[in-house]
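An overview of the molecular structure
Listed below are the residues making up each chain.
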Amino acid sequence: MKDILTAPFMVEMIRITANMYDHGWDERNGGNISLLLEEEELAEYLDLSALIRTIPTGFRAPELCGKYFLVTGTGKYFKNVQYAPDVNLGIVRITDEGESTELLWGFSDGGKFTSEFPAHMMSHVARLSIDPENRVVMHCHPSNILAMTFVPTLDEREFTRTLWQMCTECLVVFPDGVNVLPWMLCGTNEIGVVTAEKMKTARIVVWAQHGIYGAGKDLDEAFGLIETVEKGAEIYMKIAHLPRINTITDEMMHEIEGGFKVKAREGYLD
Ligand code: 13P
Ligand code: ZN
């Protein structure tokens, strides 16, 4: 059996949590990540019949039964993952129609997966139904996107268009736009259900006055998506109080569509 700390998915998870902390996106225990693993890749590193304990989920997700996830722990600090991965991360197998999990590695201090597990797992179901390649759901608290939810309307078309206007690459990176949820209590099944519903039409869901969710086929893609949205929000927060003389017009965005072979979300451009 190979050392699990050398597994590419583990190395990448440790690097990305440190990087996200360094970006200022994950103060204290802010943020959480879940990464869908393949049984074959995991079997090289773990005895999949050796379960440590079971952890109930409190929701149903039969679509995920038998699937494996590497996931961050609740109350754990991203800055600490690199120093104690086995305490701050865990690997679980989903069982009982999604109502329970079997812990196979990690959470070695008796901990459990993130309180946002409902939003993560329900979002995986939603994204996999659109894109079978999707592997990652990532949540964090970048300052500018959070600040931006206090300023313009939360109308999804307007919010998305504002971000697209902030830098040329925004439309290229997230042509499917940004979905937005009004403030809701986090850590609940209810916010999980509505987040997953929003994930069916965009890979980014903003939680007003809280943070952001991104989904992708790997950690880099989810990170890059959030990074680009956050850059757009940063530009917006720098210019929101200034008269806007120039902008990226809809005409220019149609040019971007042609040049980069992307298609803006239906009805979002004039
Ligand atoms: P956890 O520590 O439970 O992952 O919660 C952090 C967070 O960002 C809640 O939205
Ligand atoms: Zn959060």
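This structure is a prediction, so every number in the text was calculated from the model and none was measured. (Residues numbered from 1 in each chain as written. Chains lettered and ligands numbered in written order. Predicted model: local features only at pLDDT ≥ 70, side-chain atom pairs only at ≥ 80, totals over all residues. Heavy atoms only, no water.)

Comments concerning helix α7 (residues 156–164)
Most of α7 is tucked away: 7 of the 9 residues are buried. Those residues of α7 not exposed but buried are Glu-156, Phe-159, Thr-160, Arg-161, Thr-162, Leu-163 and Trp-164. For α7, the N-terminal cap is Asp-155; the gap from its side-chain oxygen to the backbone nitrogen of Arg-157 is 3.3 Å. (Buried < 20%, exposed > 50% of the residue type's maximum accessible area, 1.4 Å probe, protein only. Helix = DSSP H or I, 4+ residues; strand = E, 2+ residues; numbered from the N terminus. Polar contact = N/O pair within 3.5 Å; in protein donor to acceptor, adjacent residues only side chain to side chain.)

Re the site of ligand 1
Neighbouring ligand 1 are the residues Asn-29, Gly-30, Gly-31, Asn-32, Thr-74, Gly-75, Thr-114, Ser-115, Glu-116, His-139, His-141 and His-210. Within the side chain of Asn-29, a nitrogen or oxygen atom sits 2.8 Å from an oxygen atom of ligand 1. A distance of 3.3 Å separates an oxygen atom of ligand 1 from a polar side-chain atom of His-139. Protein chains bury 93% of the 310 Å² of accessible surface belonging to ligand 1 in isolation. Looking at the shell around ligand 1 residue by residue, the class counts come to no nonpolar, 11 polar and 1 charged. (Near = heavy atom within 4 Å. Areas by Shrake-Rupley, 256 points an atom, 1.4 Å probe, with all protein chains shown as cover. Nonpolar A, V, L, I, M, F, W, Y, C, P; charged D, E, K, R; others polar.)

Here's the deal with the coordination of the zinc ion (ligand 2)
On the protein side, the zinc ion (ligand 2) has His-139 (NE2), His-141 (NE2) and His-210 (NE2) as donor atoms, found 2.1 Å from it. The motif formed by the donor residues of the zinc ion (ligand 2), counted along the single chain, is H-x1-H-x68-H. Note that His-139 is positioned in strand β6 (residues 136–140) and His-210 in the loop between β8 (204–207) and β9 (211–216), a separation of 71 residues in sequence. Using a relative accessible area of 1% as the deciding quantity, one classes His-139 as buried. (Donors = N, O, S within 2.8 Å, 3.2 Å for Na, K, Ca; no water.)

With respect to the packing of helix α1 (residues 8–22) against helix α10 (residues 219–239)
Two quantities define a packed helix pair, namely the angle between the helix axes and the distance between the axes. Packing of α1 against α10 leaves a shortest axis separation of 11 Å and a crossing angle of 15°. Taken as axis vectors, α1 and α10 run roughly parallel relative to one another. When you trace α1 past α10, the crossing you get is right-handed. Contacts between α1 and α10 pair Glu-12, Met-13, Ile-16, Asn-19 and Met-20 from the former with Leu-219, Asp-220 and Phe-223 from the latter. Class assignment for the residues of the contact of α1 with α10 results in 5 nonpolar, 1 polar and 2 charged. (Axes fitted to C-alpha atoms, helices over the stretch in contact; angles between N-to-C directions. Parallel < 35°, antiparallel > 145°, perpendicular 65-115°, else oblique. Left-handed = near helix turned anticlockwise from the far one by under 90°. Contact = heavy atoms within 4.5 Å.)

Some points on the nonpolar core
Ranked by size, the top nonpolar core spans 56 residues in total, and within it Phe-9, Met-10, Leu-70, Ile-91 and Met-138 carry the most contacts. No other element matches the 8 residues that α10 contributes to this core. Once residues within four sequence positions are removed from consideration, Met-10 is found in contact with Ile-4, Leu-5, Leu-70, Leu-89, Ile-91 and Trp-105. Within the second largest apolar cluster, 28 residues are counted, among which are Leu-103, Ala-119, Ala-196 and Trp-207. (Core = buried A, V, L, I, M, F, W, Y, C linked by side-chain atoms within 4.5 Å.)

Thoughts on the packing of aromatic side chains
Tallying each qualifying case throughout the model produces 6 aromatic pairs. Taking the centre distance of 5.8 Å and the plane angle of 85° together, the rings of Phe-9 and Tyr-45 count as edge-to-face. Highlighted residues: Phe-9 in helix α1 and Tyr-45 in the loop between α2 (39–43) and β2 (53–56), separated in sequence by 36 residues. What links up through ring pairs into an aromatic cluster is the set Phe-59, Phe-113 and Phe-117. (Phe/Tyr/Trp six-rings, centres within 6.5 Å; stacked < 30°, edge-to-face > 60°.)

Section: the pattern of salt bridges
One pass over the structure, following the stated rule, counts 14 salt bridges. Close ionic contact of Glu-44 with Lys-2 constitutes a salt bridge, the shortest N to O distance being 2.6 Å. With Glu-44 in the loop between α2 and β2 and Lys-2 in the segment before α1, this residue pair connects regions lying 42 residues apart in the sequence. Across the pair Arg-60 and Glu-99 runs a salt bridge, and its minimum N-O distance is 3.9 Å. In this pair, Arg-60 is assigned in the loop between β2 and β3 (68–72) and Glu-99 in the loop between β4 (89–95) and β5 (100–106), connecting sequence segments 39 residues apart. One network of salt bridges, in which partners are shared, links Arg-157, Glu-158 and Asp-270. (Salt bridge = Lys/Arg side-chain N within 4 Å of Asp/Glu carboxyl O.)

Points about the packing of helix α5 (residues 117–130) against helix α9 (residues 189–199)
Two numbers describe how α5 lies on α9: the axes approach to 8 Å, and their chain directions differ by 25°. With respect to α9, the axis of α5 lies roughly parallel. Seen from above, α5 lies across α9 with right-handed handedness. Within the contact between the two elements, α5 uses Pro-118, Ala-119, Met-122, Ser-123, Ala-126 and Arg-127 and α9 uses Asn-189, Gly-192, Val-193, Thr-195, Ala-196 and Met-199. The residue makeup of the contact of α5 with α9, split by class, is 7 nonpolar, 4 polar and 1 charged.

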